[in-house]
Amino acid sequence: MKIMVAYDGTLQSKDALVYGIKKAKEKGGEVVALHVFNGPLFLDYDATPEAEATARAESARFVEEAKSLIREKGQGIKASLFTGEGNPEEEVIAFAKAEHADVLLCPPRYKSIIKKYQRALAKEGRKAAVSDLSGEAEKLNLAVLSVPQQTM
């Protein structure tokens with residue numbers, strides 16, 4: 001089972017990463033996390049020139065926090081962190097498809113990704129269901145999409 005976490009540095013995304021690691025340990029799976037810097041946000045952005053640099057520094061801090069969580073909590077499983085730049089929704093969906101994620105965890109800010117990914121999979125003839133792996137995801141206010149394993 002491959003669990004993907006959309007990681008944006010919020011407390012909820014940290015919870016999602018820890019939850020994903022916990023589930024991967026329970027199910028013998030792996031975790032891939034993706035942090036996307038929203039560079040397009042700064043196109044035609046009417047702010048000081050330092051705004052993008054400040055945002056990039058904060059993004060780098062989020063990446064370091066995710067690496068630290070993976071080192072601390074991810075012992076005994078395969079866990080990886082990837083970074084990207086672009087529209088976070090588009091990048092997460094493309095990455096989830098490329099990685100063949102079985103479960104996609106998103107913090108509340110990106111719940112819309114779940115429905116968009118579900119529609120993208122449906123276009124490929126794959127079914128996916130919004131789900132709750134244990135009730136804990138609901139308590140953490142996470143959006144969860146499960147993709148059944150393809151049978152050959």
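Small disclaimer: the values here were computed from a predicted structure and weren't measured.

Draft legend 1. Fine view of the packing of helix H1 (residues 11-27) against helix H2 (residues 50-73). Contact geometry of H1 with H2 gives a least axis separation of 10 Å together with a crossing angle of 30 degrees. Taken as axis vectors, H1 and H2 run roughly parallel relative to one another. Relative to H2, H1 is oriented so that their crossing is right-handed. On the side of H1, the interface is formed by Lys14, Leu17, Val18, Ile21 and Lys25, while H2 contributes Glu65, Ala66, Leu69, Ile70 and Lys73. Looking at the contact of H1 with H2 residue by residue, the classes come out as 6 nonpolar, no polar and 4 charged.

Draft legend 2. Highlighting the pattern of salt bridges. According to the stated counting rule, one finds 12 salt bridges in the structure shown. With a shortest N-O distance of 2.8 Å, Glu99 and Lys2 are connected by a salt bridge. One end of the pair, Glu99, is in helix H3 (residues 88-99); the other, Lys2, is in strand S1 (residues 2-6), with 97 residues separating them in the sequence. Looking at Glu99, the relative accessible area reads 22%, which means it is partly exposed. Note on Lys2: relative accessible area 16%, which makes it buried. Glu89 is the salt-bridge partner of Lys116, the closest N and O atoms lying 2.3 Å from each other. In this pair, Lys116 is assigned in helix H4 (residues 111-123) and Glu89 in helix H3, connecting sequence segments 27 residues apart. One salt-bridge network, in which partners are shared between bridges, spans Lys14, Glu58, Arg61 and Glu65.

Draft legend 3. The environment of Gly84, seen in detail. Positionally, Gly84 belongs in strand S3 (residues 78-85). The partly exposed category is assigned to Gly84, whose relative accessible area is 26%. Sequence separation between Gly84 and Asn38 is 46 residues; the distance between their C-alpha atoms is 8.7 Å. Residues in contact with Gly84, not counting those within four places in the same chain, are Leu34, His35, Val36 and Phe37.

Draft legend 4. Molecular detail of unusual backbone geometry. A positive phi is found at His100, a non-glycine position, where the angle reads about 55 degrees. With respect to the element layout, His100 can be found in the loop between H3 and strand S4 (103-106).

Draft legend 5. Region of the structure containing the environment of Ala96. Inspection of the secondary structure assignment puts Ala96 in helix H3. Look at Ala96 and you get buried, because its relative accessible area is 0%. Along the sequence, Ala96 and Val5 sit 91 residues apart, while their C-alpha atoms lie 9.1 Å from each other.

Draft legend 6. View of the nonpolar core. In this structure, Met4, Leu34, Val92, Leu104, Cys106, Ile113 and Tyr117 are the most contacted members of the largest nonpolar core, which totals 20 residues. Only S1, strand S2 (30-37), H3, S4 and H4 provide two or more residues apiece to this core. If we skip the residues at most four places from it in the chain, Ile113 touches Pro88, Glu89, Val92, Ile93, Leu104 and Cys106. Grouped together as the second largest cluster of nonpolar side chains are 18 residues, Val5, Tyr19, Ala24 and Leu105 included.

The rules we used
For every chain, the first residue of the written sequence is number 1, and numbering continues from 1 onward in sequence order. In keeping with the predicted nature of the model, local features appear solely for residues at pLDDT of at least 70, side-chain atom pairs appear and are counted solely at 80 or more, and the whole-chain, interface and lining totals rest on all residues. Hydrogens are left out, water is left out, and the side-chain values use all remaining heavy atoms of the structure. Here the axes come from fitting lines to C-alpha atoms, over the contacting stretch only for helices, and the angles between their N-to-C directions go from 0 to 180 degrees. Helix and strand assignments come from DSSP, with helices taken as H or I runs of at least 4 residues and strands as E runs of at least 2, each series counted from the N terminus. Our angle categories are set so that under 35 degrees counts as roughly parallel, over 145 as roughly antiparallel, 65 to 115 as roughly perpendicular, and the remainder as oblique. Crossing handedness is defined as follows: a turn of the near helix away from the far one that is anticlockwise and smaller than a right angle gives a left-handed crossing, while the clockwise case is right-handed. Residue contacts follow a heavy-atom distance rule, with two residues in contact if any of their heavy atoms lie within 4.5 Å. Under the scheme applied here, ten amino acids are nonpolar (Ala, Val, Leu, Ile, Met, Phe, Trp, Tyr, Cys and Pro), four are charged (Asp, Glu, Lys and Arg), and all others, including Gly, are polar. Any Lys or Arg side-chain nitrogen located within 4 Å of an Asp or Glu carboxyl oxygen qualifies as a salt bridge. Relative accessible area decides the class of each residue, using a 1.4 Å probe on protein chains only: under 20% of the type maximum gives buried, over 50% gives exposed, and in between gives partly exposed. Remark: nonpolar core denotes a set of buried residues (Ala, Val, Leu, Ile, Met, Phe, Trp, Tyr, Cys) joined through side-chain atoms within 4.5 Å.

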